[in-house]
Amino acid sequence: MEAAGRDGRMAGRRQVVKNMNTGGSPEECPVCLTGYDGTVQRPRTLPCGHTVCTLCIDQLEEHGRVACPECRVSHAVPEGEQFPVNYSVEAFIRMLRDAEEAAAAAAASPPPSAGEGAPSGAAGKKEAAGLSKKMRSFLQEQEATVVAAITACREAQSQLDQYQTTLAGWGKQQQQLEDRLLGLVDQSRSARELLQQEESRVAAKEEELKKEEQGLQAMLETLRTLATEQEAGAAMPEVFRWTGEAEQAVEECREGFPDASTVTTARKVREASSAALEAVQAVQAALETLATEEPRPQADPDSTIMDRLHLICTWSVTAEDLRSLTQPARRLLEAGRVFAVHQAEGQRRHARISLEAGQLCLHALKDHPPPLGAATLQVSEVVPPSPPCTVFLDLSWPGSAPRRVQIRLSPDTPRGRQFLLLCTGQRGPSYVNTRLHGVESKAEAGEYVKGGDYESNNGGGSSVLLPGLGEGEYRKSGRAGDVFGLGWKDRTRGECGNFGIRTRDRKDGGGSLVFGEVVDGLHVVAEAAQHRDIKEVTVADCGVVL
């Protein structure tokens, strides 16, 4: 990045020289041809190295990007909404103006006589003062040191300006986040007040029904003590009144409770608040693990402020960074340095996150640690706790490189949840290195392959990770692409957690209990089904599409 900064500064200087050689004024913006100043029209450097004044950059901005008027390269506007000031151009312009003023002053002064032999320039002044050659050389070296220190100060100011711009942008984003969090708190408070109002309304109606019940009990006792028709006739109006009021109160209870608006609002706000709290807890857990992380890579001592800031930012990455594919996150993904961490029962495992064909993919958890300097986040920050979601299996067999099969898992099924856990390895075992262990109805209608035996790897294991696999909202289907659960023919052997993937439609109209569907790569499964030995087909990798 420091090299890029030097390139930018050199490009700015070359631009000044170019303007001088082509007749353009280095003191003017190449767009509006107005002289730069130190306030509203300061020279600002684009990443390509060309310099334009502040006002013109603002006018050129479209949708958060600026096209350079010199080379037409499009640049994203920095987070602080402003490009850095080109201090080198400003210094160069000051030097030109100082030279012009000195020339004007010299022209106004009478020239020295030729016979006097007056020395010219600083060296002449030093000679006139009786300085030795050695002292003059020493003073020139000190002048060079001072000029270098001035240049270093200006470069540091430029770096601080960029850093300040970045911090201002982050502060603005943080304020927006804070406003959103406060809005969520306000919604939570409003939902709680609604629930309290509903609770008061329920209590009032409950008290009303108790009074009606007491009145009816009294009427019941009265009816049981009536001895004559005259007494019975006198009691009937009261009976009708009490029963009518009770029926009305019961009807109002049925029609008025629950209040759909209150319940829906409270449920949505509760879910949003719970999700926000879980996210906060995940961040806290991630912060607590920083102390146990591997040593961070050290920055180059000669690096700039922005270089070191970039190094700090790339050390950590958030789920939002990944979803929005920020530039630092993309660079880390392309370098293979983003990993998700999962810790259970004292064991810490890592899953690589990759960017493949525009899709973020979390691969199965493994025991070995990530490379030095990798960015990490928690698995729970990116992987949903249960379907619906899309997972993948990479199938391979002799003579064939691994090819991907993507499966969309249905919600509300234990088999779908188990399939997700075995694609990530969050409970320990995973589908990695398991084999497909059978093909039914090969080359015929209803053909399907069998797999998922992570216990015995031959179809003989029960492979049950979660209890109650038969419960849930399964749909029945016999179409190609269905992913369904396999059951034991021998019921004495209990539940079976293996799965089948259908490659051809059934013709008999029957079906299996389906918990997923192949959305991409069904042809890969069909080719595997035709392989000479299905047990040579292996799951080389698996994971989740984020």
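Residues numbered from 1 in each chain as written. Predicted model: local features only at pLDDT ≥ 70, side-chain atom pairs only at ≥ 80, totals over all residues. Heavy atoms only, no water.

Moving on, we get to the pairing of strand β16 (residues 512–520). Across four bridges, strand β10 (residues 400–409) lies against β16 in antiparallel orientation. Bridge pairing in β16 links Leu-409 to Gly-516. Here strand β13 (residues 475–477) runs beside β16; their pairing, made up of three bridges, is antiparallel. Bridge pairing links Arg-475 to Val-514 in β16. Both strand β14 (residues 482–485) and β16 contribute to a ladder of three bridges, which runs antiparallel. Counted as the bridge partner of Phe-484 is Val-514 from β16. (Pairing = 2+ DSSP bridges. Helix = DSSP H or I, 4+ residues; strand = E, 2+ residues; numbered from the N terminus.)

This paragraph deals with the confidence of the model for the protein. Of the residues in the protein, 82% have a pLDDT of 70 or more, and the chain-wide mean is 82. Counting contacts from residues 113–120, a segment whose pLDDT is below 50, to residues more than four positions away or on other chains yields three contacts. Taken as a whole, residues 290–295 scores under 50 in pLDDT and shows eleven contacts with residues more than four places along the chain or in a different chain. (pLDDT = per-residue confidence, 0-100. Contact = heavy atoms within 4.5 Å.)

Now for the side chain of Gln-41. In this structure, Gln-41 sits in the loop between α1 (2–22) and β1 (43–45). When residues no more than four places from it in sequence are discounted, the contact partners of Gln-41 are Cys-32, Thr-34, Gly-35, Tyr-36, Cys-53, Thr-54 and Leu-55.

Our focus in this paragraph is the packing of aromatic side chains. One pass over the full model with this rule turns up five aromatic pairs. Look at Phe-419 and Tyr-431: their rings are 5.1 Å apart centre to centre, the planes differ by 55°, and that puts the pair in the tilted class. In this pair, Phe-419 sits in helix α12 (residues 414–424) while Tyr-431 sits in the loop between α12 and β11 (438–440), placing the two residues twelve residues apart along the sequence. Through pairs of rings, three or more aromatic residues link up here, namely Phe-419, Tyr-431, Phe-499 and Phe-515. (Phe/Tyr/Trp six-rings, centres within 6.5 Å; stacked < 30°, edge-to-face > 60°.)

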